Amino acid sequence: MSAADQGAERSLGQLVASATAEMSALVHDEIALAKAELRQDVKRAGIGGTAIGVAGVLALFSLPVLSFAAAYGIHNLGLGLAWCFLIVGVAFLLIAGLAALFAMTKFKKVKPPEKSIASAKQTAAVLGTVKPHPRPVTGRPVSDRPVAVARSSS
């Protein structure tokens, strides 16, 4: 018996149930595959982030060593040791000052979100001109109307 013969013998309900089961299995398999791929990507990102962190810490620890090396290198040229350390310290301050100036020029270029502010003002202006929906007038006085009571969810 071929697959076409078996399909002809099954009812429409059985065919729909079979197709639904196969589709469900396919979706579950796709979800499992996506989870496996995401696990690998998260693992790779974690390892990469750790490597960047280690590199940053090692670079930070190297600064004092390089500072001493620079100071003693200048001292070997015949200058007093105190002056050598002063030169290295001033060089670091100059580099820090240049970085601060660079940061200030970038901060000055930051502007408020003008389009969003204009859109919010326009929306506020439109909402300010909207009139409330008129309520139906009933024959009973205002004091007889039911009052809404706020209830706590706890």
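Please read these numbers as outputs of a predicted model, since none were measured by experiment.

*Asks:* Hey, could you go over the overall build of the chain for me, with residue numbers and the actual values?
*Replies:* For the chain, the helix and strand inventory stands at four helices and zero strands. Order of helices (α) and strands (β) in the chain, N terminus to C terminus: α-α-α-α. Across the 154 residues that make up the chain, the buried fraction comes to 3%. Carbon together with sulfur atoms contributes 70% to the accessible area of the chain, which is approximately 13700 Å² in total.

*Asks:* Any chance you could break down the packing of aromatic side chains for me, citing the residues and the numbers?
*Replies:* Considering all chains together, one arrives at two aromatic pairs under this definition. Considering the side-chain rings of Phe68 and Phe85, the 5.2 Å spacing of their centres and the 75° angle between planes classify their relative orientation as edge-to-face. Within this pair, whereas Phe68 is found in helix H2 (residues 12-75), its partner Phe85 is found in helix H3 (residues 81-108), the two being separated by 17 residues in sequence. Ring plane angle 85° and centroid distance 5.8 Å describe the contact between Tyr72 and Phe85, whose orientation is recorded as edge-to-face. Separated by 13 residues along the polypeptide, Tyr72 in helix H2 and Phe85 in helix H3 bring together distant segments of the chain. Residue Tyr72 is classed as partly exposed on the basis of its relative accessible area of 39%. Residue classification places Phe85 among the partly exposed positions, given a relative accessible area of 30%.

*Asks:* Describe a nonpolar patch on the surface, naming the residues involved and giving the relevant values.
*Replies:* Together, Val54, Val57, Leu58, Leu60, Phe61, Leu63, Phe92 and Ile95 make up a nonpolar patch on the protein surface, roughly 790 Å² of accessible area in all. When contributions to the nonpolar patch are tallied by element, the ones reaching two or more residues are H2 and H3. Top element by residues in the nonpolar patch is H2. It accounts for six residues. Mapping Val54 onto the fold places it in helix H2.

*Asks:* Please give an account of H2 that cites residues and values.
*Replies:* In this model, H2 (64 residues) spans 93 Å end to end at C-alpha, consistent with the 94 Å of a helix rising 1.5 Å per residue. At Leu63, H2 shows its maximal kink, close to 30°; a proline, Pro64, follows between one and four residues later. Buried residues of H2: Ser18, Ser67 and Ala71, and no others.

*Asks:* Explain the confidence of the model for the chain to me, using residue names and the numbers behind them.
*Replies:* Overall, the predicted model of the chain reaches an average pLDDT of 83, with 79% of residues at or above 70. The secondary-structure element of the chain with the lowest mean pLDDT is helix H1 (residues 3-9), recorded at 60, while H3 shows the highest, at 94.

*Asks:* Outline the packing of H2 against H3, supporting the account with residue identities and numerical values.
*Replies:* Running from N to C, H2 and H3 point in directions that differ by 130°, and their axes come no closer than 8 Å. On the basis of their axis angle, the class for H2 and H3 is oblique. Regarding H2 and H3, the two cross each other, and that crossing is right-handed. Across the interface between the two elements, Ser67, Phe68, Ala70, Ala71, Tyr72, Ile74 and His75 of H2 pack against Leu81, Cys84, Phe85, Ile87, Val88 and Phe92 of H3. Grouping the constituent residues of the contact of H2 with H3 by class yields 11 nonpolar, two polar and no charged.

*Asks:* Please set out the side chain of Ser67 residue by residue, giving values where relevant.
*Replies:* Tracing the sequence through the fold places Ser67 in helix H2. A distance of 2.8 Å separates a polar atom in the side chain of Ser67 from the backbone oxygen of Leu63.

Rules behind the numbers
- Residues numbered from 1 in each chain as written.
- Predicted model: local features only at pLDDT ≥ 70, side-chain atom pairs only at ≥ 80, totals over all residues.
- Heavy atoms only, no water.
- Helix = DSSP H or I, 4+ residues; strand = E, 2+ residues; numbered from the N terminus.
- Buried < 20%, exposed > 50% of the residue type's maximum accessible area, 1.4 Å probe, protein only.
- Areas by Shrake-Rupley, 256 points an atom, 1.4 Å probe, with all protein chains shown as cover.
- Phe/Tyr/Trp six-rings, centres within 6.5 Å; stacked < 30°, edge-to-face > 60°.
- Patch = residues over 30% accessible without salt bridge, like charges linked within 9 Å, V, L, I, M, F, W, Y side chains within 5 Å.
- Salt bridge = Lys/Arg side-chain N within 4 Å of Asp/Glu carboxyl O.
- Expected span 1.5 Å × (residues − 1).
- Bend = angle between axes of the 7 residues up to and from the residue.
- pLDDT = per-residue confidence, 0-100.
- Axes fitted to C-alpha atoms, helices over the stretch in contact; angles between N-to-C directions.
- Parallel < 35°, antiparallel > 145°, perpendicular 65-115°, else oblique.
- Left-handed = near helix turned anticlockwise from the far one by under 90°.
- Contact = heavy atoms within 4.5 Å.
- Nonpolar A, V, L, I, M, F, W, Y, C, P; charged D, E, K, R; others polar.
- Polar contact = N/O pair within 3.5 Å; in protein donor to acceptor, adjacent residues only side chain to side chain.

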